[in-house]
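# Reading the structure
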Amino acid sequence: DAMEECAVRNLTISAHATESVIEISFQDSGPGVPPDKAESLFQPFFTTKAVGKGTGLGLYISRGIIEEFSGTLCLGESSSGARFVIRIPLAKEVSP
């Protein structure tokens, strides 16, 4: 939805793992997130969409699910578009 009015629509998904964490990044080529909206993005029922186009629950629910796995979902830094970053700790392998 964020790229709906963009002439060029790109979504880049990348992942990087260390010994303890996997980081998954989602970068779009949309208009980005205005600084005054960044704090509200993860609040329930907050939306920048027109009335009837969204419930404002997507990021709120997504963050809750990720937090159940001891992870984080945040708005990352980006020079253009929006970037969301998920970080989830990797489980340590237990030998039998």
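Definitions and limits used
- Residues numbered from 1 in each chain as written.
- Predicted model: local features only at pLDDT ≥ 70, side-chain atom pairs only at ≥ 80, totals over all residues.
- Heavy atoms only, no water.
- Helix = DSSP H or I, 4+ residues; strand = E, 2+ residues; numbered from the N terminus.
- Buried < 20%, exposed > 50% of the residue type's maximum accessible area, 1.4 Å probe, protein only.
- Contact = heavy atoms within 4.5 Å.
- Lys, Arg positive; Asp, Glu negative; His and termini not counted.
- Charge placed at Lys NZ, Arg CZ, Asp CG, Glu CD.
- Polar contact = N/O pair within 3.5 Å; in protein donor to acceptor, adjacent residues only side chain to side chain.

Our focus in this paragraph is the overall build of the chain. A tally of helices and strands in the chain yields one helix and four strands. Along the chain, helices and strands appear, N-terminal first, in the series β-β-α-β-β. Along the longest, intermediate and shortest principal axes, the C-alpha atoms of the chain span 55 × 30 × 20 Å. Here the chain holds 96 residues, and 17% of them are scored as buried. Once local pairs closer than 6 in sequence are excluded, the contacts in the chain between residues at least 24 apart make up 45%. Between the averaged position of the 8 positive side-chain charges in the chain and that of its 12 negative side-chain charges there is a distance of 3 Å.

This paragraph deals with the side chain of Ser 25. Relative to the helices and strands, Ser 25 is located in strand S2 (residues 21-28). By relative accessible area, Ser 25 is classed as buried at 6%. A distance of 3.0 Å separates the side chain of Ser 25 from the side chain of Arg 83, its partner in a polar contact. If sequence neighbours within four positions are ignored, Ser 25 has contacts with Thr 12, Ile 13, Ser 14, Arg 83, Phe 84 and Val 85.

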